[in-house]
Amino acid sequence: MPERDGPEVVGRRVQRLRAERGMTQRQLAEPAYTPAYISTLEAGRVRASDDALRHIADRLGVTYDELASGRPAGLATALRLRLTEAERVLADGRAEEAGERYAALLAEAAEHGLVPEQAAALLGLGESALETGELGSARGHFEQAEELLSGETLPVRVPAVRGRAVAHYLAGELRYAVYLLETALDELNRGGLHDPDALLHLYTAVIGPYMDMGAHARAAQAAEFALALAPRAADPALIARMHRSVARTLLAEGRHAEADASLAKAAGLYRQLRLRTELANCHWMRGYVHAQAGELDRAERELRQALEMLAETRAALYRSQAAVELADVLHRRGRPTEAAALLDGVLGDFSSERGAVHAAAAHRLLGIIAEDAEETDAAEEHYVRALSLLERAGAAGDLADLCRLLGDLLRRTGRTEAALDAYRTGLGHRTTPGTTTLGPAPAAPPF
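It should be emphasised that the depicted structure is a prediction, and the values quoted were computed from it without experimental measurement. Sequence order sets the numbering: in each chain, residues are counted from 1 along the sequence as written. The model is predicted, so local features are restricted to residues of pLDDT at least 70 and side-chain atom pairs to those at 80 or more, both for listing and for counting; the totals for chains, interfaces and linings are taken over all residues. Computation of side-chain values: all heavy atoms of the structure, hydrogens and water removed.

Peer 1: What should I look at first to understand the overall build of the chain in this one?
Peer 2: Counting its regular elements, the chain contains 24 helices and zero strands. Two things to know: the radius of gyration comes from C-alpha atoms, and the globule rule equals 2.2 Å times the number of residues to the power 0.38. In summary, the chain has a C-alpha radius of gyration of 28 Å against a globular reference of 22 Å for 447 residues, an excess of more than 25%. Dimensions of the chain, computed from the C-alpha atoms along their principal axes, are close to 100 × 45 × 40 Å. Think of it in three bands: residues with accessible area under 20% of the maximum for their type are buried, residues over 50% are exposed, and the middle band is partly exposed, with areas taken using a 1.4 Å probe on protein chains only. Counting across all 447 residues of the chain, residues that qualify as buried make up 52%. Should any heavy atoms of two residues lie within 4.5 Å, those residues are considered in contact. Here the analysis covers contacts within the chain between residues at least 6 apart in sequence; of these, 62% occur between residues at least 24 apart. Residue-level accessible areas treat just the shown protein chains as cover; the underlying method is Shrake-Rupley with a 1.4 Å probe. Approximately 20100 Å² of the chain is accessible, and the part contributed by carbon and sulfur atoms is 49%. Labels follow the DSSP assignment, with helices taken as runs of H or I lasting at least four residues and strands as runs of E lasting at least two, numbered in each case from the N terminus.

As structure tokens, this is what we get:
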């Protein structure tokens, strides 16, 4: 039951509704109450009992909730239906339109004090902002949703926690993203709150940051837990996302066929659900799998399809990230000029706070292309910029290889001491993988 408004607000509402219907105070009061009671109530000098409000609502032809709170009958249901429509617009890749719908729904839900609908609208705004690459806005929306739901149990708050962590991850703040996700996992598992969907949200989201930090063992364990939870989860979109994330761990273990099969499952679910951006990301990931297996022609086809779909959905940040993967394939196919042009075209979409890991990958590849063209100064500049981005993000998984590239370049140009420093930096990251620098692993689920 919604919270009642104060006596003065309810009184004015009763007076307005009575006047609209052309009723006298006596007609409204009889047979259970007196005109004087109605007059006192309309003046806001008495708090009507629930029974009195139900009598008055019946006489006025409105619901009790509408009279007590000003909330139109069926408003919550209507908002839920519109939230579903906005979700469908977002799934179709129209993130900007979805954001506008969610903003209107948020304002309406806030006006009538509908907290669950407000939180759902904020989550939708956050997901829309993630898709358009507005990471600061996304974080703000997820934080507001979490604050609104602060009185709820952790499983209810998990989508907001997961969204906030993803925003930090995409911004290159890997360690903080892992902290948010591991803290929630630990609380869920230690507290016995073994909600399958909530746990699957968190395990699926933490795989990417683990992999980029070089914490492959912990990523593999998260994937194992996610696969065990999947049969108990109810949300097919969440299961599809899980298959897409698990593919990264399979690929890291050299299990290319299994990774491709996992992505095929995800793509099938996304097609059924008509989730265009997620399906595009599946093509992107399958392109990466083919590239790792040396099937560069197939990789290029998948990545170009991903880029085309992401351009249609205006998922700018994801499109730029996929473009970096395509540039790598083009370079490996002997087309460095085309690869460099593609990278130059998307580098402006990145920064140290937005897609830092892929920005580093772009600079790394531009450095290799420049070095191949004997443009030593340009190559060194790109390697140094990539190193700075990866160190800031804590992406130990790629730092060691980059330090080797930089060290080799410095050694070839006669700067032996600087080369040794670069090699030592790389060895330091090799000897401190993410599994030993993240602290104790979160409590495991009970299986």
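Peer 1: Where do I start with helix H4 (residues 50–60) in this structure?
Peer 2: Since one α-helical turn is 3.6 residues long, residues separated by three or four positions face the same way. Of the positions making up H4, those classed as buried are Ala52, Leu53, His55, Ile56, Ala57 and Leu60. Tucked into the core, H4 has its buried residues touching helix H1 (7–20), helix H2 (25–29), helix H3 (35–42) and helix H5 (64–69). One or two steps after H4, the chain reaches glycine 61, where phi turns positive at roughly 75 degrees.

Peer 1: Even after reading the chapter, I still don't get the packing of helix H12 (residues 196–213) against helix H13 (residues 216–229), so can you show me in this structure?
Peer 2: Any two packed helices are characterised by the angle at which their axes cross and by the distance between the axes. Lines fitted to C-alpha atoms define the axes, with helix axes restricted to the stretch in contact, and inter-axis angles between N-to-C directions lie between 0 and 180 degrees. Interhelical geometry of H12 versus H13 gives an angle of 155 degrees and a closest axis separation of 9 Å. Comparing the axis directions of H12 and H13 gives the class roughly antiparallel. Relative to H13, H12 is oriented so that their crossing is left-handed. Only His216, Arg218, Ala219, Ala222, Ala223, Phe225, Ala226 and Leu229 of H13 make contact with H12, whose side of the interface consists of Pro196, Leu199, Leu200, Tyr203, Val206, Ile207, Tyr210 and Met211. Tallied by class, the residues present in the contact of H12 with H13 amount to 14 nonpolar, one polar and one charged. Should an angle fall under 35 degrees it is taken as roughly parallel, and over 145 as roughly antiparallel, whereas 65 to 115 is taken as roughly perpendicular and any remaining angle as oblique. Each crossing is labelled by how the near helix is turned from the far one, with a counterclockwise turn of less than a right angle marking it left-handed and a clockwise turn marking it right-handed. Lys, Arg, Asp and Glu make up the charged group, whereas Ala, Val, Leu, Ile, Met, Phe, Trp, Tyr, Cys and Pro make up the nonpolar group; the residues left over, Gly among them, are polar.

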